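# Structural overview for review
Chain by chain, the residues:
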Amino acid sequence: MRPVKKIQPDYLHTLGATSAAKQTTDIHHALIESLGNYCSYCEMPLSDYQVEHLRYLAAWPEVLTLQEWDDLLLICNDCRNHIRVPALNKESAAAMLWPDRDITFSLVNSPFLYELRKVQYIVEEDGQAISSEPRELVFVVANKQAGEKVYEKAVNTITHFQLNMRLEYYNEAAGELRVPLQEERERADNRMFKRTRAWREAEEALQRLKALDNLQEENKAELREMLIKQIAMTAWYSGNWSVWMTVLYQQSRDVELVKAVLDSGEHPFTGLNNEGQAVFGR
Ligand SMILES: [Zn+2]
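Residue indices follow the written sequence of each chain, beginning from 1 at its first position. Owing to the predicted nature of the model, reporting of local features is limited to residues with pLDDT of at least 70; listing and counting of side-chain atom pairs is limited to 80 or more, with chain, interface and lining totals taken over all residues. Side-chain numbers come from the whole structure's heavy atoms, not from hydrogens or water.

### Section: the overall build of the protein
Broken down by element type, the protein carries nine helices and six strands. We compute the radius of gyration from the C-alpha atoms alone; for a globule the expected value is 2.2 Å times N to the 0.38, where N is the number of residues. Compactness check: the protein gives a C-alpha radius of gyration of 20 Å against a globular reference of 19 Å for 282 residues, within 12% of the reference. In terms of overall dimensions, the protein has a C-alpha envelope of 65 × 55 × 35 Å along the principal axes. Contacts between residues were defined by any pair of non-hydrogen atoms, one from each residue, lying within 4.5 Å. A sequence separation of at least 24 residues applies to 70% of the contacts in the protein between residues at least 6 apart. Surface exposure of the protein reaches about 14,400 Å², of which carbon and sulfur atoms provide 48%. For the protein, the centre of its 32 positive side-chain charges and the centre of its 42 negative side-chain charges are spaced 3 Å apart. Put simply, DSSP H or I for four residues or longer makes a helix, DSSP E for two residues or longer makes a strand, and each gets a number counted from the N terminus. Using a 1.4 Å probe, accessible areas were evaluated by the Shrake-Rupley method; residue-level cover was limited to the displayed protein chains. Neither His nor the chain termini are counted; the positive set is Lys and Arg, and the negative set is Asp and Glu. By convention, the point assigned to a charge is CZ for Arg, NZ for Lys, CD for Glu and CG for Asp.

Structure below.
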């Protein structure tokens with residue numbers, strides 16, 4: 001969950017005289033302009049028009065006002081369908097980590113970690129397993145090393161949005177993920193699969209880069225720059241920037257490489273909060 005920085009565009013201040021519908025559209029666009037077209041929680045690219053999420057409310061805002069700006073973030077359909085009840089209040093929301101308020105990702109000592117885990121993936125119907133196969137999937141997990149308080153808050157965030165599919169599907173001790181057939185067919189939750197694909201793509205990108213570094217080419221530097229640009233673009237499209245940063249850093253220990261990827265894109269990594277060296281470690 002990458003930390004984001006919301007910036008209110010100037011045109012929002014002149015909203016007073018416009019209609020509620022126009023105001024809602026303008027705030028919608030301002031959020032996307034500021035944060036990029038990605039879910040603030042799982043980082044997936046958004047493909048939906050109702051994407052505003054109010055921190056404390058279970059009800060979805062039909063009409064947006066500027067008073068709500070501080071509590072507005074963007075949400076995808078999959079996160080939206082997995083929010084747990086009851087709705088949050090100020091107190092329960094304060095016991096969670098939020099991408100616009102907290103450092104929710106960093107290369108070192110991140111409160112949220114991305115982990116490739118082996119699971120037995122079981123599809124069941126009426127409680128009976130109809131298929132079972134080993135799979136590797138990327139889970140987002142809370143980091144115990146980040147301190148007790150931060151750890152607990154990270155757990156609460158993962159639980160509230162059920163970022164690793166419905167909580168009851170995963171039995172960590174048994175290493176089993178049990179998904180009902182209906183849900184499997186509907187592809188109701190794509191988050192872990194997209195995250196895992198981003199992980200694999202990042203690994204492959206890094207391997208290509210390492211292979212290039214081993215070449216005896218005379219214009220290697222130029223080729224490297226080109227490949228980094230391509231890596232940046234692939235990462236940008238996948239949306240799962242935190243997964244990309246995790247793999248690139250964990251498997252190369254090269255902060256300069258991560259910086260080069262973030263800096264070199266044809267596309268800006270919009271909304272990313274790098275303050276306090278959030279992404280480059282603490
Ligand atoms: Zn999401």
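### Quick notes on the side chain of Ser 106
Note on placement: Ser 106 falls in the loop between α3 (90-94) and β3 (112-125). Each polar contact in these results corresponds to two N or O atoms within 3.5 Å; when the atoms are within protein, one needs to be able to donate a hydrogen and the other to accept it, and residues that are neighboring in sequence are counted only if both atoms are side-chain atoms. A distance of 2.8 Å separates a polar atom in the side chain of Ser 106 from the backbone oxygen of Val 108.

### Details of the coordination of the zinc ion
Here a donor is any nitrogen, oxygen or sulfur atom (N, O, S) within 2.8 Å of the metal, with 3.2 Å used for Na, K and Ca; water is not among the atoms considered, so some sites may look incomplete. Protein-derived ligands of the zinc ion are Cys 39 (SG), Cys 42 (SG), Cys 76 (SG) and Cys 79 (SG), with the metal-ligand distances lying across 2.3 Å. Geometry assignment treats four donors as tetrahedral when all angles are between 85 and 135 degrees, treats four as square planar and six as octahedral when opposite donors are over 155 degrees apart and all others between 65 and 115, and treats everything else as irregular. Around the zinc ion, the four donor atoms are arranged such that angles at the metal cover 103 to 115°; this shape is classified as tetrahedral. Counting residues between consecutive donors of the zinc ion along the chain gives the motif C-x2-C-x33-C-x2-C. Pair noted here: Cys 42 is in the loop between α1 (20-35) and β1 (52-54) and Cys 76 is in the loop between β2 (72-74) and α2 (77-80), with a separation of 34 residues, a long-range link.

### Some words on the domain arrangement of the protein
In many reports, interface size means the accessible area that the parts give up when they come together. Domain annotation for the protein reports domain 1 (10-77) and domain 2 (192-277). Segmentation of the chain into domains, including their bounds, is taken from an automatic or database domain assignment. Look at where the C-alpha atoms of domain 1 and domain 2 centre, and you get two points 29 Å apart. Contacts between domain 1 and domain 2 engage nine residues on the former and ten residues on the latter. The term buried area refers to how much accessible surface (probe radius 1.4 Å) is lost by two components on association, counted for both of them together. Taken over both partners, the interface formed by domain 1 and domain 2 buries close to 710 Å², and the fraction arising from carbon and sulfur atoms is 50%. On the domain 1 side of the interface with domain 2, the three residues burying the most area are Tyr 38, Glu 43 and Met 44, jointly 63% of the side's total. Counting across the interface, domain 1 meets domain 2 through four residue pairs in polar contact (both at pLDDT 80 or more). By residue class, the composition of the side of domain 1 that touches domain 2 is five nonpolar, two polar and two charged. The nonpolar class holds Ala, Val, Leu, Ile, Met, Phe, Trp, Tyr, Cys and Pro. Asp, Glu, Lys and Arg form the charged class, and all remaining residues, Gly among them, are polar.

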